[in-house]
Amino acid sequence: MSDVRIIRFMRYRRGMAMVSALVVLIGLGSLITRGLNLGLDFTRGTSIELHFAQPAQQSQVSDALAAGGIHDAVVQYLGGANSLQVRLPPQPGDATLLGRKIAELASTPGNPAQALQVDSVGSQVGDELYAQSLLAVAVALGMMMIYIAIRYRFKFAVGAVISLFHDVLFTVGMFSLFGLPFDLTVLAAVLALIGYSLNDTVVVFDRIRENFRKLRRADVVEIVDISLTETLRRTVMTVATVVLVVLSLLLLGGTALKWFSIAMLIGLFAGTYSSIYIATSYALAMGLSKEDFIVEVKKEEDDRP
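Keep in mind the model is a prediction, meaning the values are calculated, not measured. (Residues numbered from 1 in each chain as written. Predicted model: local features only at pLDDT ≥ 70, side-chain atom pairs only at ≥ 80, totals over all residues. Heavy atoms only, no water.)

Novice: Help me understand the overall build of the protein chain in this model?
Specialist: The helix and strand inventory of the protein chain stands at nine helices and six strands. By residue count, 42% of the 305 residues in the protein chain fall in the buried class. For the protein chain, the share of sequence-separated contacts (at least 6 apart) that also reach a separation of at least 24 residues comes to 78%. When the accessible surface of the protein chain is summed, it comes to about 16,500 Å², and 61% of that surface belongs to carbon and sulfur atoms. (Helix = DSSP H or I, 4+ residues; strand = E, 2+ residues; numbered from the N terminus. Buried < 20%, exposed > 50% of the residue type's maximum accessible area, 1.4 Å probe, protein only. Contact = heavy atoms within 4.5 Å. Areas by Shrake-Rupley, 256 points an atom, 1.4 Å probe, with all protein chains shown as cover.)

Dropping the structure here:
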């Protein structure tokens, strides 16, 4: 492969490392200060999704509910000024009737509200789901590290897990930063993205291993650039195909798949970026060399007397 065709990805790895660190800090800061807008799957109580004919003010809806005797209500925007989510502590009575009451109280003469979805979850179920979701993500990351460590070397396993952690934090951080609801469908998207991103990373590692064995005279950075360039077309085609499917789910899947699709779109961008500039860059920083891929053949001992 000539130099004209090689994209010098690793030339910008230090700058991209700073970008990655900034993204991680923003995500952590948002999670620490703002937390997640946990869906009803992880919390106890009742959730009502309201849709208004015109943009509604969050404070006005809260005041209207308080005036109507609905206290301790948490009102948040849900992806736009026309949609609001009202979360309440456990309430007695039928949840559907409660949703109608909330919609009536939130409505104004020029801006009626409609309760699109009403859900209710008990406290024990919510606490168990939240704990199990954290365990699922931790187990997934741990098993991925073991898999990469067995298939390659430990330095690659650490780089791969760091890139997966980046993808998870980037996706979850965006949900925290913009106040998007985080429910079980979003968690499913995060777990799916872990597998997708790891597969992309393994493809890159395999090509690097192959080129280390073929290009004996090239230096390490050049081999990495060649490998990333060779896998770029495959990466672009794969991402484009998945994006088309996810966009179809977003546009045609209804409200049940809305946040799953948004999480997938965010994570696809993060996963593609991290496979190039995090997993591989970390391996370079840890001293990637030909000895990591080339198996030395021991000379047979001379049995002659």
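Novice: When you look at the nonpolar core in this model, what are you seeing that I'm missing?
Specialist: Side chains that are nonpolar tend, in soluble globular proteins, to be buried together. Judged by nonpolar contacts, the single largest core of 57 residues is most densely connected at I148 and F175. Looking at this core, the elements with two or more residues in it are α4 (123-151), α5 (154-177), α6 (184-214), α7 (220-252), α8 (258-277) and α9 (279-285). It is α6 that contributes the most residues to this core, 13 residues altogether. Not counting residues up to four positions away in its chain, the partners in contact with F175 are L36, L180, P181, V186, W259, I262, A263 and I266. Judged by nonpolar contacts, the second largest core, of 16 residues, contains V61, L84, A103 and A113. (Core = buried A, V, L, I, M, F, W, Y, C linked by side-chain atoms within 4.5 Å.)

Novice: Just checking my understanding: could you explain the environment of S20 for this structure?
Specialist: Inspection of the secondary structure assignment puts S20 in helix α1 (residues 13-33). Through-space distance from the C-alpha of S20 to that of Y277 is 8.7 Å; in sequence the pair is 257 residues apart. For S20, the side chain forms a polar contact with the side chain of Y273, separated by 2.5 Å. (Polar contact = N/O pair within 3.5 Å; in protein donor to acceptor, adjacent residues only side chain to side chain.)

Novice: Looking at this structure, I do not really get α1. What am I missing?
Specialist: For an α-helix, the turn length of 3.6 residues means that residues three or four places apart are oriented alike. Taking 1.5 Å per residue, 21 residues should reach 30 Å; α1 reaches 30 Å between its end C-alpha atoms and fits that length. Within α1 the residues assigned to the buried category are S20, G27 and S30. Down the axis, α1 shows its buried residues gathered within 95 degrees of arc, on one side only. Turned more than 90 degrees from where α1 packs its buried face, R14, M18, L22, L25, I32 and T33 sit exposed. Among the residues trailing α1, G35 stands out with phi positive, at a value near 75 degrees. (Expected span 1.5 Å × (residues − 1). Arc of directions from axis to C-beta.)

Novice: Any chance you could explain the packing of aromatic side chains here in plain terms?
Specialist: Pairs of aromatic rings are described using the distance from one ring centre to the other and the angle between the two planes. If you walk through the whole model with that rule in mind, you get four aromatic pairs. Judged by centre distance (6.4 Å) and plane angle (65 degrees), the rings of F9 and Y277 are edge-to-face. You can see F9 sitting in the segment before α1 and its partner Y277 sitting in helix α8, a full 268 residues away along the chain. We classify F9 as buried; its relative accessible area is 9%. The exposure class of Y277 is buried, given its relative accessible area of 11%. (Phe/Tyr/Trp six-rings, centres within 6.5 Å; stacked < 30°, edge-to-face > 60°.)

Novice: Got a minute to help me understand a nonpolar patch on the surface in this structure?
Specialist: Residues L135, V139, M143, I146 and I150 make up a contiguous nonpolar surface patch of about 530 Å² in total accessible area. Positionally, M143 belongs in helix α4. The exposure class assigned to M143 is exposed, which follows from its relative accessible area of 52%. (Patch = residues over 30% accessible without salt bridge, like charges linked within 9 Å, V, L, I, M, F, W, Y side chains within 5 Å. Salt bridge = Lys/Arg side-chain N within 4 Å of Asp/Glu carboxyl O.)

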